[in-house]
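Fold and geometry: a report
Listed here are the chains, written in short residue letters.
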Amino acid sequence: KRTGKAPQECLGMEDVRAEIDSRDRQIIARLGERVGYVHAAAAFKTSEDGVRAPERFKSMLQTRRDWAEQEGLDADMVEKLYRDLVEYFIQREMEAFKGS
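Residues numbered from 1 in each chain as written. Predicted model: local features only at pLDDT ≥ 70, side-chain atom pairs only at ≥ 80, totals over all residues. Heavy atoms only, no water.

**Let's talk about helix H4 (residues 75-99)**
For the record, the criterion: Helix numbering and strand numbering both begin at the N terminus, where a helix is a DSSP run of H or I of at least 4 residues and a strand a DSSP run of E of at least 2. One less than the residue count of a helix, multiplied by 1.5 Å, gives the span that helix is expected to have. A 1.4 Å probe rolled over the protein chains alone gives each residue an accessible area, and that area as a share of the maximum for its type sets the label: buried under 20%, exposed over 50%, partly exposed in between. Under the rule applied, a polar contact is a pair of N or O atoms within 3.5 Å (in protein, one hydrogen donor and one hydrogen acceptor; residues adjacent in sequence only if both atoms are side-chain atoms).
Between its first and last C-alpha, H4 extends 36 Å over 25 residues, near the 36 Å set by a 1.5 Å rise per residue. For H4, the set of buried residues is Ala75, Val78, Glu79, Val86, Phe89, Ile90, Glu93 and Met94. At the N-terminal boundary of H4, the capping side chain belongs to Asp74, with an oxygen 2.8 Å from the backbone nitrogen of Asp76.

Okay, structure coming up:
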């Protein structure tokens, strides 16, 4: 259910929860889109180092930290979120790469 209320417009916990659920649904849909790009990237990788891409990983995490700070979020929390997310996909890519 999408009501489109701003936080200050919520009249109670039901409104707040509905808005949080709506935002979480959007976040998960975006993660689904992101997975498509992860799979597309795998087609261009020709080595295990290409899958791991340590310099890109480091740079990506720093950028996400910067974006978090710009949004007033805890950069450590956002880094952990992305570290876990990307490490999960790296493991799946490594399994696929080794299996090919």
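**Focus: helix H3 (residues 54-70)**
This is how the line gets drawn: This arc describes the spread of directions from the helix axis toward the C-beta atoms. Any two residues whose heavy atoms approach within 4.5 Å are treated as being in contact.
For H3, built from 17 residues, the straight-helix expectation of 24 Å at 1.5 Å per residue is met to within 8% by its first-to-last C-alpha distance of 25 Å. Taken together, the buried positions of H3 are Phe57, Met60, Leu61, Arg64, Arg65 and Ala68. Down the axis of H3, the buried side of the element spans an arc of 140°, and every buried residue falls inside it. Turned more than 90 degrees off the buried face of H3, the exposed positions are Glu55, Arg56, Lys58, Glu69 and Gln70. Here the buried face of H3 lies against helix H2 (48-52) and H4.

**Quick look at a nonpolar patch on the surface**
Threshold: Surface patches are defined over residues having more than 30% relative accessible area and no salt bridge, joining like charges when they lie within 9 Å and nonpolar side chains (Val, Leu, Ile, Met, Phe, Trp, Tyr) when within 5 Å. Reported accessibility uses the Shrake-Rupley method at a 1.4 Å probe radius. Residues are deemed covered only where the shown protein chains occlude them. Here, a salt bridge means any Lys or Arg side-chain nitrogen found within 4 Å of an Asp or Glu carboxyl oxygen.
A surface patch of nonpolar side chains, amounting to about 270 Å² of accessible area, comprises Ile27, Ile28 and Leu31. One can find Ile28 in helix H1 (residues 13-42).

**So, the packing of H3 against H4**
Put simply, the rule is: To get an axis, fit a line to the C-alpha atoms, keeping to the stretch in contact for a helix; angles then go from 0 to 180 degrees between the N-to-C directions. Helix crossings are classified by the rotation of the near helix relative to the far one: an anticlockwise turn of less than a right angle makes the crossing left-handed, while a clockwise turn makes it right-handed. For this classification, Asp, Glu, Lys and Arg are treated as charged, while Ala, Val, Leu, Ile, Met, Phe, Trp, Tyr, Cys and Pro are nonpolar and the rest, including Gly, are polar.
The interhelical angle for the contact between H3 and H4, taken along N-to-C directions, is 145°, at an axis separation of 9 Å. In the packing of H3 onto H4, the handedness of the crossing is right-handed. Every residue of H4 that contacts H3 at Phe57, Met60, Leu61, Arg64, Arg65, Ala68 and Glu69 is listed here: Ala75, Asp76, Val78, Glu79, Tyr82, Arg83, Val86, Glu87 and Ile90. Across the contact of H3 with H4, the residue classes break down as nine nonpolar, no polar and seven charged.

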